[in-house]
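Listed below, chain by chain, are the residues.
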Amino acid sequence: MPRNPSTGVYSKPAGTTPSVGQVIDPVPWNALTTDLGNEITNSLPRDGSAPMVAPLKAAGGTVSAPGLGFASTPQTGLYLKGGGLLGFTQNGVDVWFDQALVYAAKSSDYTALASDGNAVHRFTAAATLTLTAAATLGANWHYCVIADGGDVTIDPNGVETIDGATTLVLKDGYSVNIICSGAAFFTNKLFARIQSKADSSAVGEFVVGLILSNNGGNPNTHIDFAAGSVRSGANFVSSAASFTKRVTGTFAAGTGAGGLDAGAVAANAAYFAYALRKDADLSFDVVLSTSPTIGGITTTLLTGYTIVKCIGVVLTDGSSNIRPFVLYPRDEYTFLTPVKDAVSVAISTTSALLALTVPNGVKVKAKLRFEFTSSATTNAVLLSDPAQGVLVAGAGSDGANVGTIQVANGFAVGSQEIWTNTSRQIRMTLGGATGSIWIWNDGFHFPCGRSS
């Protein structure tokens, strides 16, 4: 055909340029009229009555003179950017369109690439996120990071910075949007604002509600926890309804299930109750352990849980049953039946330690009542906190808290709240001669952080 398919230039057939008096040869002139008809047919009608039957090839254009524009506004339209990218311009100003958002989960260290622009990556474990050089990523590159299983350390390339620092540690449970300027990285500052308010690893601790009590139907084996919430540092969990655990089984998720971290329930033992937060859905649960510290809990059965804080303690008796108790405000426990921790125990001027029925491994304030007898008529007992060291009973020394005997072999009574050592002991000594003492234990204060 006379029209060049690459350039679109039309060239007439040879023999179709006549001169005056020339006899016209019908062959080339018929070819000319046929070509003209074909080209008219292949031209796009201005009234839009027929569509294109092949791709439309527009000029590359520029941002100020787009290859495809409009008669009324020639600076608005489409043009070809560098690198074969399509550009959009409005009145000669480039219009930016983002890459498609792409989500992916990461479980280990990762390097963010230019192709990750506008991506959202959720890290399900502690990891280091390395950023490709800012110049390579270019201005306007942006990226979202979610820490959902461990802290994520964001490390820019070389000496480049993020928010002016060499690294940024994104705490587990938080997210951040990263923006590249072409020379450095910045964030939306939300995480930094949270940290400036209160460091996410040290935002205080408290226990609200979650009052412990013997279960009404199974008081010997089951412990109820009232609705409430608890926080320790960055960890928080709550329960909108009451919750029950039993001491006759190892831990299983849910109310009414076993609660022990390991082993079987023991006689005359203390079981510390710890609030748990399930990592997957942040739901509440409780584990019971003989360990007075989180570090000593057996965690074999606790995969997928965060141990938040100790919220109370229960004691068992000689038959491995839970001792009946009432928990009052400020973590004050009262036994429904007082425990006799001393029955006619010999006491003398030699200071001695006496074990009580209280939690082991922690200091508690025991609520004690005493009765003392002696053959001497002027004799008194001093019961004290072992942290005070060895004291000497008597008016001329460190005093006493069980009144002096007025009649030989008579009785004196007294009461006091006394702190124990971590071996459940208090110290006792006598002012003179010898005697015997009875001690009733009404309960103890074990501070977990409740105020009501």
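Some remarks on the overall build of the chain
At step 1: Each helix and strand counted, the chain has three helices and 30 strands in total.
At step 2: Relative to the compact-globule value of 22 Å for 452 residues, the chain shows a C-alpha radius of gyration of 42 Å, a clear excess of over 25%.
At step 3: Intrachain contacts of the chain at a sequence separation of at least 6 include 59% that bridge at least 24 residues.
At step 4: Counting every atom, the chain has about 23,100 Å² of accessible surface; 56% of that belongs to carbon and sulfur.

Quick look at the pairing of strand 22 (residues 305-315)
At step 1: The element strand 22 is largely enclosed, with a buried count of 11 among its 11 residues.
At step 2: Here nine bridges tie strand 20 (residues 270-278) to strand 22, and the two strands are oriented antiparallel to one another. From the neighbouring strand, Phe272 faces strand 22, where its bridge partner is Val313.

Side note on the nonpolar core
At step 1: By size, the foremost hydrophobic cluster in this structure holds 63 residues, and its most contacted members are Leu212, Ile311, Leu383, Ile439, Phe444 and Phe446.
At step 2: The dominant element in this core, judged by the number of residues it contributes, is strand 22, at eight residues.
At step 3: Filtering out sequence-adjacent residues up to four positions away, Ile311 remains in contact with Val207, Leu210, Leu212, Phe225, Val230, Ala273, Ala275, Val286, Cys448 and Arg450.
At step 4: Listed in part, the 22 residues of the second largest apolar core include Ala112, Trp141, Tyr143 and Ala147.

Here we look at a nonpolar patch on the surface
At step 1: Taken together, the side chains of Leu44, Met52, Leu56 and Leu68 make up a nonpolar region of the molecular surface, amounting to roughly 390 Å² of accessible area.
At step 2: By relative accessible area, which is 40% here, Leu68 ends up partly exposed.

Digging into the sheet that holds strand 9 (residues 152-155)
Either a parallel or an antiparallel arrangement is found when strands of a sheet pair, and the pairing is made through backbone hydrogen bonds.
At step 1: In spatial order, the strands read 5-7-9-10; together these four strands make up an open sheet with mixed pairing. Edge positions in the sheet fall to strand 5 (110-112) and strand 10 (168-170), since each of these pairs with one other strand and no more. Going across the sheet, the axis of each strand differs from the next one's by a mean of 25°, ignoring polarity.
At step 2: Where strand 5 lies against strand 7 (residues 127-131), three bridges are found, and the strand directions are parallel. By the bridge assignment, Ala112 is partnered in strand 7 with Leu131.

Quick word on the sheet that holds strand 16 (residues 228-232)
At step 1: Strand order in this open sheet of three strands is 13-16-17, and the pairing throughout is antiparallel. Here the strands that pair on one side only, and so sit at the sheet edges, are strand 13 (205-209) and strand 17 (235-239). Each strand of the sheet is rotated relative to its neighbour by a mean of 10°, with strand direction disregarded.

Reading the values: the criteria
- Residues numbered from 1 in each chain as written.
- Predicted model: local features only at pLDDT ≥ 70, side-chain atom pairs only at ≥ 80, totals over all residues.
- Heavy atoms only, no water.
- Helix = DSSP H or I, 4+ residues; strand = E, 2+ residues; numbered from the N terminus.
- Rg over C-alpha atoms; globule rule 2.2 N^0.38 Å.
- Contact = heavy atoms within 4.5 Å.
- Areas by Shrake-Rupley, 256 points an atom, 1.4 Å probe, with all protein chains shown as cover.
- Buried < 20%, exposed > 50% of the residue type's maximum accessible area, 1.4 Å probe, protein only.
- Pairing = 2+ DSSP bridges.
- Core = buried A, V, L, I, M, F, W, Y, C linked by side-chain atoms within 4.5 Å.
- Patch = residues over 30% accessible without salt bridge, like charges linked within 9 Å, V, L, I, M, F, W, Y side chains within 5 Å.
- Salt bridge = Lys/Arg side-chain N within 4 Å of Asp/Glu carboxyl O.
- Axes fitted to C-alpha atoms, helices over the stretch in contact; angles between N-to-C directions.

On their own, these measurements won't tell you what the molecule is for.
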